[in-house]
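Structural features, examined
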Amino acid sequence: MHLNQRQPRVVQPWLVALTAAAITGCGNSGAMQGENYGNLLDSPAGLVVVQEEHPTGWGRPDCFACHNIMDIHTVNRTGLPTCSATITQDCLNLSEIQAIVSSQLESSCVMCHGNNGVNQ
């Protein structure tokens, strides 16, 4: 082999397997179902998250580490009607909620769900 020739790169099998797993594990071809925790209004503290119903995430400030922003607030499971105007106590506007979450990110969570045991 000449000094100027490069040896061909060998792709590691684990890298191929990891890439394939990542590609096949991402995305959803079905209808958007979102995360389903039932009707949160029926929870012990309503929309506010309490330790007994959130034991593995309690005390963590990084909500999106477990809750994918694309999978939350996609389905109204509260039993309240969907409204097209401003969010009130009598109806939900999922598009407006999604816009708030998209713009304020994790800081928006406390507005409805409390501090999750995190003291600022």
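Conventions adopted
Residues numbered from 1 in each chain as written. Predicted model: local features only at pLDDT ≥ 70, side-chain atom pairs only at ≥ 80, totals over all residues. Heavy atoms only, no water. pLDDT = per-residue confidence, 0-100. Contact = heavy atoms within 4.5 Å. Core = buried A, V, L, I, M, F, W, Y, C linked by side-chain atoms within 4.5 Å. Buried < 20%, exposed > 50% of the residue type's maximum accessible area, 1.4 Å probe, protein only. Helix = DSSP H or I, 4+ residues; strand = E, 2+ residues; numbered from the N terminus. Disulfide = S-S within 2.5 Å. Polar contact = N/O pair within 3.5 Å; in protein donor to acceptor, adjacent residues only side chain to side chain. Salt bridge = Lys/Arg side-chain N within 4 Å of Asp/Glu carboxyl O.

The share of residues in the protein chain with pLDDT of 70 or more is 69%, and the mean pLDDT across the chain is 79. Low pLDDT (under 50) marks residues 24–31, which in the prediction has zero contacts with non-local residues, meaning those over four places away or in another chain.

Okay, the nonpolar core next. Formed by Ile72, Leu92, Leu94, Ile97 and Val101, the largest nonpolar core amounts to five residues. Apart from residues no more than four positions distant in its own chain, Val101 is found in contact with Phe64, Ile69, Ile72, His73 and Ser108.

Right, let's get into the environment of Pro44. Its place among the elements puts Pro44 in the loop between helix 1 (13–25) and helix 2 (94–104). Residues contacting Pro44, with those up to four places away along its chain left out, are Val50, Glu52 and Glu53.

Formally, a disulfide is one covalent bond, and it connects the sulfur atom of one cysteine to the sulfur atom of another. Overall, the coordinates contain one disulfide when judged by the stated rule. Note on cysteine connectivity: Cys83 is disulfide-linked to Cys91, with sulfurs 2.3 Å apart. Looking down the S-S bond of the Cys83 and Cys91 bridge, the torsion is 80 degrees, so its handedness is right-handed. Taking the relative accessible area as the measure of exposure, Cys83 reaches 14% and is therefore buried. Unpaired in terms of disulfides, Cys66 finds its nearest cysteine sulfur in Cys63, a separation of 8.8 Å. Looking at Cys112, it has no disulfide partner, and the nearest cysteine sulfur is the one in Cys109, 9.1 Å off.

Positionally, His54 belongs in the loop between helix 1 and helix 2. Side chain to side chain, His54 and Asn116 meet in a polar contact 2.8 Å long. Here His54 is in contact with Val49, His67 and Asn116, once residues within four sequence places are set aside.

This structure, assessed with the given rule, holds one salt bridge. For the salt bridge of Asp62 with Arg60, the shortest nitrogen-to-oxygen distance reads 2.7 Å. Here Asp62 falls in the partly exposed class, since its relative accessible area comes to 28%. Taking relative accessible area as the criterion, Arg60 reaches 34% and is therefore assigned partly exposed.

With that settled, consider unusual backbone geometry. A positive phi angle, near 50 degrees, is found at Leu105, a position not held by glycine. When you line up the elements, Leu105 lands in the loop between helix 2 and helix 3 (109–113). The class for Leu105 is partly exposed, based on a relative accessible area of 45%. Unlike most non-glycine residues, Asn116 shows phi in positive territory, near 55 degrees. Structurally, the position occupied by Asn116 is in the segment after helix 3.

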